Amino acid sequence: MVPLMARGSAKIRLYVEHPLAAGQRVRLSREQAHYLFGVMRLQPGDAVALFNGVDGEWQADVVAAGRKDGELTCTERSAPLQLPPDLWLLAAPIRRERFAFTVEKAVELGAARVVPVQTEYTQDAKRVRVDKLRATAIEAAEQCGGTWVPEIAEIAKLSDVLRDWDPARRILFCDEGLAGHVPALPTDSGPWAILIGPEGGFSPTERDRIAQMACSHPISLGPRILRAETAAVAAITLWQQTLGDWG
Ligand code: SAM
């Protein structure tokens, strides 16, 4: 939960798992009440902006403020629901704080789903805490003015993910083996996934397998080898600029 100068009058944005509509009362969890009333010192009558990933952003007034609970009432909708483009990020886990950074940036930049994938050279698969990554995604959406929170999938083996892959979803395969080539961006719209490897890169077997998939589009991210989290940010940026909702 993070403060933000929101579009309407409220300075604080909060993701809630609750329907939002005019006059709708929203009960707060203990954690949310602690944040709003203990940390941010809000009082009855103060305003908060709420979103739930379905109903857009709503202004809400505090009507009850306790140490362990509280209640808000929705007043008016301040923004419609805005879904990101149908872009997934498939990324091999890296060190915990760097992977959290990757998830945070994926939300800000507009990915619809993040799938942690265990590749052959992945070192940090056991350290993935999906619950923490989901909390990171929620905080990022609250902070960036999003009205939707991307799904963070459970970690899966890349080989299994590719075995069950829907070929209608193209794969932007960020291949460090192409570093130095000019990035050749795709032009075809539709569902896409960006694939980023771990610190050790992809194994030759993985590289061959992905390259053989008709839906894969291998791409260079420039002349230098980027850290995995930098590569994720660069690839989403390129894709968004060409095929996404930045235009
Ligand atoms: N250890 C690998 C090496 O030295 O070649 C580098 C792996 S890099 C740290 C992590 C991931 O970022 C890669 O698997 C790839 O998906 C992506 N990446 C980094 N730099 C890239 C580039 N210049 N072009 C394409 N992908 C890149």
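For the structure itself, consult the block above.
No experiment lies behind these values; they were computed from the predicted model shown. (Residues numbered from 1 in each chain as written. Predicted model: local features only at pLDDT ≥ 70, side-chain atom pairs only at ≥ 80, totals over all residues. Heavy atoms only, no water.)

Counting secondary structure elements, the protein contains 6 helices and 13 strands. If one aligns the C-alpha atoms of the protein with their principal axes, the spans along those axes are about 60 × 35 × 30 Å. When burial is assessed residue by residue, the protein has 47% of its 247 residues classed as buried. For the protein, contacts bridging at least 24 residues in sequence account for 72% of all contacts bridging at least 6. For the protein, the computed accessible surface area is about 12,200 Å², with 51% contributed by carbon and sulfur atoms. (Helix = DSSP H or I, 4+ residues; strand = E, 2+ residues; numbered from the N terminus. Buried < 20%, exposed > 50% of the residue type's maximum accessible area, 1.4 Å probe, protein only. Contact = heavy atoms within 4.5 Å. Areas by Shrake-Rupley, 256 points an atom, 1.4 Å probe, with all protein chains shown as cover.)

Counted according to the given criterion, the structure contains 17 salt bridges. The closest approach of N and O atoms between E229 and R98, which form a salt bridge, is 2.1 Å. Highlighted residues: E229 in helix α6 (residues 228-243) and R98 in helix α2 (residues 96-109), separated in sequence by 131 residues. Of the charged contacts in the structure, one is a salt bridge between D175 and R207, with a shortest N-O distance of 2.8 Å. Remark: R207 occurs in helix α5 (residues 204-212) and D175 occurs in the loop between β11 (170-174) and β12 (192-196); sequence separation between them is 32 residues. Among the residues examined, D175 registers a relative accessible area of 9% and is labelled buried. With relative accessibility at 23%, the residue R207 sits in the partly exposed group. Where salt bridges share partners, they join R25, R27 and E71 into one cluster. (Salt bridge = Lys/Arg side-chain N within 4 Å of Asp/Glu carboxyl O.)

For α6, with 16 residues, the first-to-last C-alpha span of 22 Å sits near the 22 Å given by 1.5 Å per residue. The complete set of buried residues in α6 reads A228, E229, A231, A232, A235, I236, W239, Q240 and L243. Down the axis of α6, the smallest arc covering the buried residues is 155°, so these residues share one side. For α6, the elements touching its buried residues are β7 (87-91), α2, β11 and β12. (Expected span 1.5 Å × (residues − 1). Arc of directions from axis to C-beta.)

With that settled, consider the environment of E108. Summarising the element assignment, E108 is placed in helix α2. Linking E108 and C144, residues 36 residues apart in sequence, is a C-alpha distance of 6.1 Å. Residue contacts for E108: discarding those within four places in its chain leaves Q143 and C144.

On to the packing of α2 against helix α3 (residues 130-144). Relative to each other, α2 and α3 sit at 40°, their axes nearing to 9 Å. Considering the angle they form, α2 stands oblique to α3. Along this stretch, α2 crosses α3, giving a crossing that reads as right-handed. Contacts between α2 and α3 involve F99, A100, V103, E104, V107 and E108 from the first element and L133, T136, A137, A140, A141, Q143 and C144 from the second. (Axes fitted to C-alpha atoms, helices over the stretch in contact; angles between N-to-C directions. Parallel < 35°, antiparallel > 145°, perpendicular 65-115°, else oblique. Left-handed = near helix turned anticlockwise from the far one by under 90°.)

What follows is about the nonpolar core. Generally speaking, soluble globular proteins have nonpolar side chains that are buried together. Grouped together as the largest cluster of nonpolar side chains are 34 residues, with contacts concentrated most on L89, I152, I194, I196, I236 and W239. Of all elements in the fold, only β7, α2, α3, β11, β12 and α6 reach the threshold of two or more residues within this core. With 7 residues, the top contributor of residues to this core is α6. Look past the residues within four positions of I194 in its chain and what remains in contact with it is L87, W88, L89, L90, L172, C174, A235, I236 and W239. In this structure, L20, L28, L42 and W58 belong to the second largest nonpolar core, which totals 18 residues. (Core = buried A, V, L, I, M, F, W, Y, C linked by side-chain atoms within 4.5 Å.)

Taken together, 20 residues are adjacent to the ligand, and C174, E176, E199, L221 and R224 come closest. Take E176: an N or O atom from its side chain is 2.7 Å from an oxygen atom of the ligand. Within the backbone of E199, a nitrogen or oxygen atom sits 2.7 Å from a nitrogen atom of the ligand. Tallied by class, the residues present in the shell around the ligand amount to 11 nonpolar, 5 polar and 4 charged. (Near = heavy atom within 4 Å. Polar contact = N/O pair within 3.5 Å; in protein donor to acceptor, adjacent residues only side chain to side chain. Nonpolar A, V, L, I, M, F, W, Y, C, P; charged D, E, K, R; others polar.)

A word on the pairing of β7. With respect to burial, β7 is a largely interior element, 4 of its 5 residues being buried. Taken together, the 5 bridges between β7 and β12 define a ladder with parallel strand orientation. In the strand pairing of β12, L90 is matched with L195. Here 4 bridges tie β7 to strand β8 (residues 113-118), and the two strands are oriented parallel to one another. Residue pairing for β8: W88 is matched across the bridge by R113. Handedness of the crossover joining β7 and β8 through α2 is recorded here as right-handed. (Pairing = 2+ DSSP bridges. Right-handed = clockwise from strand over helix to strand, strands pointing away.)

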